[in-house]
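Chain and residue survey
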Amino acid sequence: MSSPTRERAISGVYNDGYIAELYESYLQDPSSVEESWRQFFRLAERLGGAAAPAGAMGSVSDPHLLRTVAAASALVEAIREYGHFAVQLDPLGSPPPGAPELAPEFYGITEADLTRVPAAALGLDGKTAADAIERLRTIYSSCLAIETDHLGEAEERAWFRDAMETGEAKRKLTPGEKKAVLRRLTEVDGLERYLGRAFVGYKRFSIEGTDALVPMLDVAIEGAAAAGAREVAICMAHRGRINVLVHTLGKPYATIFEEFEGKHTATNAESETGDVKYHLGFSGTRTTAAGQEVVLTLVPNPSHLEVVNPVLLGVARARQRVEGQLGVRDESAVVPICIHGDAAFPGEGVVAETLNLSRLRGYRTGGTLHIIVNNQVGFTTDPIDARSTHYASDLAKGFEIPIIHVNADDPEAYIAAMRLGIAYRQRFAKDFLIDLVGYRRHGHNEGDEPAFTQPELYAKVRQHPSPRIVAGERFVREAVLTQEDVAALDAEISARLEQIHGELRKGADAPDHEAEKPPQPNSPEPVQTAVKRDHLVALNERLASWPESFHVHPRLGKQLERRRAAAEDPAGIDWGHAEALAFGSLLTDGVSVRLSGQDAERGTFSHRHAVLHDVENGQAFAPLAHLPKAAGAFEIYNSPLSETAVLGFEYGYSTAAADTLTLWEAQFGDFVNVAQPIIDQFIIADRAKWGQDSGVVLLLPHGYEGQGPEHSSARLERFLQSCAEDNMRVAYPSTPAQYFHILRRQAHMRPRRPLVLMQPKSLLRMPEAASGLDALATGTFQPVLDDPRASGDREKVRRLAFCTGKVYYDLTGGVAERNGNTKVPVAIIRIEELYPWPHSDVGQLIDRYPGVEEVVWVQEEPKNMGAWTYIAPWLRAATGTVLSVTYVGRPERASPAEGYNAVHGVEQKRIVDAVLDSPLRSSLKRRTPVSKS
């Protein structure tokens, strides 16, 4: 109802004549004036002639009353919009900023004037406007600080107004609920105090000051279950995590005490590094008050705080799938809750990336409940240096997420806020955010001295009673409990903790039983990846078909027709075609396939075309999603322009969907750099830290085609440097058939581990790199490929050139240019899988060349990049003690590739010439065969 024009009129800039003129226009055509004025005139008409503008609405005895009605109406809207600025949010007592718009004087009237206006004139209940406005102040400025005017949907804004003024938000806690909240706060506070006494100086990142988080989660779980949820999945950083693990998820006190004492069951120091206790995940079940059983999951996280957010959403989406119904999800079945820090929420870009996923069709989960645990300080940084906004939550406004700020010492407020959040998610299936404003009792950890950097803040903290004490005193004043009841509850919980820990200590001298060791890394069972030829032919026909009424782009139609004919061509299967057949065969095997990435539906290099678009009406059709008798679901989505959040999402999805081949494709391999936290902190070490398995596949276009330093390298060296303990697989297949087989192997192989695939660009449609259908119908993925030209003449080979990926075709192209007459007999060997290193295969292959005198490793990448530093010791071990291994490639460089195409061409030629034309560096006697062990 409020508008700049209206406010000017109210402030006296416009006189009664102007208002009368507007009313004349309104009478002739209501649509000719702003909606705010239409509402105002309708309200004024309710007052009758006494409130009508002079000359326009009849005789007026008191024109001042008209301006008072307009001013009161604007004040009502200001209270609804700006009332949050007047809520006492800080438990430590700093006053709210207030807003001038909340005072009647801002509109040229006084409180006394409001008593002369009937409440009905404002469309409100009550006798006078003064009564109605005072009630609104109580609703919007005394408990819940709500921000919803940024919501784009009028229906949602109206829903919140109803909820605040007549509905859920007005419901008070019953005496029984207050007692339950106090018990929970006492348990939370009791655990923190006990840990502080029993384990002095140990880091625990305590929850103290924002203890309300735990009873809020109780309300969320009960509400989610009542709305149909079978699971609540949670992510959070380390602060308060131990308390959430115990009191929300049900991790036993005894287990927590054991971890503080350094006992970790089922741990093998040689193969499982584990993680600190405040990073660990957990899963348990809870039976709600209504008797519903809910699975509760806390996702493990690294210290990079918010980076776990998209991982949680991927987990939630995977678990929302309805068993037995392909492609069907129930968003009410799994409720994700993201718990944030007040400094991290506006500070880390992954938060914005994750919020952007919330309503995208490929990533939505039906609404995430967000809670900012607001300590009013980030480590040692004050809010004024941590963000450029008033509230820590302001980022969420850009994504039209409703926000409620609450005081962490006010149980009525934070319980009401959580109930609103659950109700909003159930009604609109969208995100909701609660800013829980509290404080941090200690420093960043329990060993810090926070007064070094925030002396004034921590002087207040030291004087302020804990949330348990505040709530207890409040409930005593309200006669819900007596002071004796409060003290008895505290003593009961303290005694319980002492008893549990005491019993644990008594058993410390008992003979230790041998802890069960976790499964050791082992060689995976062989996987059958070949697919019968007739099945591939049938799949191929379906993949090149679409409904008769569907109008495919003419050029694309010709490409797809060529795929139909390619089944009979000995070298007719290109990269995208092999991928489609791999996906199709997996779907008929019962394996679901999910692929996302920037422009993934078409493919950055226009090689995939998994989704077709009707040129006449734009409708989409995905042949892989319409295969007859498919027992798996096919999903493919163009992702937003995000790497960190999207890869995090797909990683999370892969951990929860063991029956799905989950793939993420980078637009160019270089762009994986932006997702490095997901790689470093989840993909590489998840099994070692958390015992968690993932089969996510990273498709990273890689290769030097003269496109500059940002479109060449997927940083193969970084992945190889991180390989250990069978933590992942890294491969660089050089043919469509190899790609076909490794995708199928990945889908069926157990144990599941991530797969990093260097993908080609120039090879996607290169005839020399193509495969025949028979190569897909027979065999399996080969970690090492011998030189097919040397099969009958190996004794003459004097130089073995090992390489991986695209450079193989540069070398064979050089051989072709020389008509096979290289200056030294060379065999070119491809390492298709770099990790795990195929030691036995390489050793056996070298033994096939008895006359070899020199081994070289060839790569396009600079010497300090690519595979060389990783491959060198392995290759030297495979060649034995006689042969040397030398490097051929670019010298060490700071930049991954040349920015000038001409220079790139010179370098590529130099590398090829060095392999094919350089004389042998030494004349070596025959070596002894390499051990194949």
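See the structure printed just above.
Only a predicted model underlies this, so the values are computations on that prediction, with no experimental measurement involved.

Regarding the overall build of the protein
Secondary structure assignment for the protein yields 32 helices and 22 strands. When its C-alpha atoms are laid out on the principal axes, the protein stretches across 115 × 85 × 50 Å. By sequence separation, contacts in the protein at least 24 residues apart represent 79% of the contacts at least 6 residues apart. On the protein, roughly 37,200 Å² of surface is accessible, and the fraction owed to carbon and sulfur atoms is 51%. Taken together, the 100 basic and 124 acidic charged side chains of the protein have centroids lying 4 Å from each other.

What to know about the pairing of strand β16 (residues 755-759)
Burial analysis of β16 places five of its five residues in the buried class, which makes it a mostly covered element. As defined by bridge partners, strand β14 (residues 697-701) adjoins β16 across five bridges and the pair is classed as parallel. Following the sheet pairing, Val697 is matched in β16 by Leu755. Summarising the sheet, strand β15 (residues 729-731) and β16 pair through three bridges and their orientation is parallel. Across the sheet, residue Arg729 finds its bridge partner in β16, namely Leu755. With helix α27 (residues 736-748) bridging β15 and the parallel β16, this β-α-β connection has right-handed handedness.

So, the packing of helix α11 (residues 253-260) against helix α19 (residues 483-506)
With their axes 10 Å apart at the nearest point, α11 and α19 run at an angle of 60 degrees to one another. By the angle between their axes, α11 is oblique relative to α19. Of the two possible hands of crossing, α11 and α19 adopt the one that is right-handed. Residue-level inspection shows Tyr253, Ala254, Phe257 and Glu258 of α11 in contact with α19, the latter providing Arg496, Leu497, Ile500, His501 and Leu504. The residue makeup of the contact of α11 with α19, split by class, is six nonpolar, one polar and two charged.

With respect to the packing of aromatic side chains
Scanning all chains against the criterion turns up 26 aromatic pairs. On the numbers, 4.8 Å between centres and 80 degrees between planes, the contact of Phe106 with Tyr107 is edge-to-face. Among the residues examined, Phe106 registers a relative accessible area of 33% and is labelled partly exposed. Classification of Tyr107 as buried rests on a relative accessible area of 2%. One aromatic cluster is present, built from ring pairs that chain together Trp159, Phe160, Tyr424, Phe428 and Phe432.

Section: the nonpolar core
If you look at the biggest cluster of nonpolar residues, it comprises 102 residues, and the most contacted ones within it are Leu144, Leu213 and Ile337. Per element, the largest residue contribution to this core is ten residues, and it comes from helix α16 (residues 411-428). Among residues more than four places away in sequence, those in contact with Leu213 are Ile207, Met236, Val244, Ile339, Ile371, Val373 and Leu436. Core analysis: the second largest hydrophobic core is formed by 76 residues, Leu357, Val696, Met758 and Ala790 among them.

Quick notes on unusual backbone geometry
The omega torsion across Arg750 and Pro751 is 0 degrees, close enough to zero to call that bond cis. Looking at where Pro751 falls in the secondary structure, it is placed in the loop between α27 and β16. Put simply, Tyr835 and Pro836 share a cis peptide bond, and its omega is 0 degrees. Position of Pro836 among the secondary structure elements: in the loop between β20 (833-835) and α30 (839-847). Although it is not a glycine, Ser606 sits at a positive phi angle of roughly 55 degrees. Secondary-structure assignment places Ser606 in the loop between β9 (592-597) and β10 (612-613). On the accessibility criterion, Ser606 (24% relative accessible area) is partly exposed. For Asp726, which is not a glycine, the phi torsion comes out positive at approximately 55 degrees. Structurally, Asp726 can be placed in the loop between α26 (716-721) and β15. Residue classification places Asp726 among the partly exposed positions, given a relative accessible area of 33%.

Quick look at the sheet that holds β15
Spatially, seven strands are ordered β12-β9-β13-β14-β16-β15-β20 in an open sheet, and the strand pairing comes out mixed. Edge strands, defined here as strands with exactly one partner in the open sheet, are β12 (634-638) and β20. The average undirected angle you get between the axes of adjacent strands in this sheet is 20 degrees. Relative to β12, β9 runs parallel, the two being bridged by five bridges. When the bridges of β12 are listed, Leu595 appears paired with Ile636.

A look at the side chain of Glu446
Position of Glu446 relative to the elements: it lies in the loop between β8 (432-437) and α17 (455-463). Buried Glu446, no salt bridge; nearest opposite-charge side chain is Arg204, N-O distance 4.3 Å. A polar atom in the side chain of Glu446 sits 3.1 Å from the backbone nitrogen of Phe205. A distance of 2.9 Å separates a polar atom in the side chain of Glu446 from the backbone nitrogen of Ser206. Excluding its chain neighbours within four sequence positions, the residues that come into contact with Glu446 are Tyr202, Lys203, Arg204, Phe205 and Ser206.

Some thoughts on the pattern of salt bridges
Taken as a whole and judged by the stated rule, the model has 63 salt bridges. Between Glu898 and Arg893 there is a salt bridge, with its nearest N and O atoms 2.6 Å apart. With its nearest N and O atoms 3.0 Å apart, the salt bridge here joins Glu907 to Arg910. Note that Glu907 and Arg910 are positioned in helix α32 (residues 901-916) at a spacing of three residues, about one turn of the helix. Residue classification places Glu907 among the buried positions, given a relative accessible area of 10%. In the salt-bridge network here, residues are joined through shared partners; they are Lys178, Asp410, Glu412, Arg474 and Glu478.

Structural notes on the packing of helix α6 (residues 129-141) against helix α7 (residues 154-165)
Where α6 meets α7, the closest approach of the two axes is 10 Å, and the angle between their N-to-C directions is 105 degrees. It follows from the interaxial angle that α6 and α7 lie roughly perpendicular. Residues Arg135, Leu136, Ile139 and Tyr140 of α6 lie in contact with α7, whose contacting residues are Arg161, Met164 and Glu165. Of the residues that constitute the contact of α6 with α7, the class distribution is four nonpolar, no polar and three charged.

A look at helix α24 (residues 676-683)
For α24, the complete set of buried residues consists of Gln676, Ile678, Ile679, Phe682 and Ile683. Of the surrounding secondary structure, the elements contacted by the buried residues of α24 are α12 (309-319), α23 (644-656), α25 (686-690), β14 and α26.

Concerning α7
With twelve residues, α7 should cover 16 Å at 1.5 Å per step; its first-to-last C-alpha distance of 16 Å lies within 8% of that length. Of all the positions in α7, only Glu156, Trp159, Phe160, Ala163, Met164 and Glu165 are classed as buried.

Remarks on the pairing of strand β21 (residues 854-862)
Among the nine residues that make up β21, nine are buried, leaving the element largely enclosed by the rest of the structure. Note that strand β18 (residues 799-803) and β21 share four bridges and pair parallel. Across the sheet, Phe802 pairs through a bridge with Trp857, a residue of β21. Bridge count for β21 against strand β22 (residues 885-890) is five bridges, and the pairing is parallel. Within β22, the position partnered with Pro862 by the bridge is Arg890.

About the criteria used
- Per chain, residues are indexed from 1 in the order of the written sequence.
- At least 70 in pLDDT is required for a residue's local features to be given in this predicted model, at least 80 for side-chain atom pairs to be given and counted, and no such filter applies to totals for whole chains, interfaces and linings, which use all residues.
- Note that the side-chain values use all heavy atoms of the structure and ignore hydrogens as well as water.
- Starting at the N terminus, helices and strands are each numbered in turn, a helix being any DSSP run of H or I of at least four residues and a strand any DSSP run of E of at least two.
- The contact criterion used is simple: two residues touch if any of their non-hydrogen atoms lie within 4.5 Å.
- Where accessible areas are quoted, they stem from the Shrake-Rupley method and a 1.4 Å probe; at the residue level, only the protein chains shown are allowed to cover.
- The convention is simple: Lys and Arg are positive, Asp and Glu are negative, and His and the chain ends are not counted.
- By convention, the charge on Lys lies at NZ, on Arg at CZ, on Asp at CG and on Glu at CD.
- Partly exposed describes any residue whose relative accessible area lies between the buried limit of under 20% and the exposed limit of over 50%, with all areas from a 1.4 Å probe on protein chains only and scaled to the type maximum.
- Pairs of strands are assigned from DSSP output, requiring at least two bridges between the strands.
- Here a crossover is taken to be right-handed if, once the strands point away from the viewer, the path from the first strand over the helix to the second is traced clockwise.
- Each axis is a line fitted through C-alpha atoms, and for a helix only the stretch in contact is used; angles between axes span 0 to 180 degrees, taken between their N-to-C directions.
- For classification purposes, angles smaller than 35 degrees are called roughly parallel, those larger than 145 roughly antiparallel, those between 65 and 115 roughly perpendicular, and all remaining angles oblique.
- Should the near helix be turned anticlockwise from the far one by less than a right angle, the crossing is termed left-handed; should it be turned clockwise, right-handed.
- Note on residue classes: Ala, Val, Leu, Ile, Met, Phe, Trp, Tyr, Cys and Pro are nonpolar, Asp, Glu, Lys and Arg are charged, and everything else, Gly too, is polar.
- Stacked, edge-to-face and tilted labels apply to pairs of Phe, Tyr and Trp rings (six-membered ring for Trp) whose centres lie within 6.5 Å, assigned for plane angles under 30 degrees, over 60, and everything in between, in that order.
- Here, the term nonpolar core denotes a set of buried Ala, Val, Leu, Ile, Met, Phe, Trp, Tyr and Cys residues that are joined through side-chain atoms within 4.5 Å.
- Criterion for a salt bridge: a side-chain nitrogen of Lys or Arg within 4 Å of a carboxyl oxygen of Asp or Glu.
- We define a polar contact as two N or O atoms separated by no more than 3.5 Å, with the added condition that, inside protein, one atom must be a possible hydrogen donor and the other a possible acceptor, whereas residues neighbouring each other in sequence contribute only through side-chain atom pairs.
- Any helix carries an expected span of 1.5 Å times its number of residues minus one.

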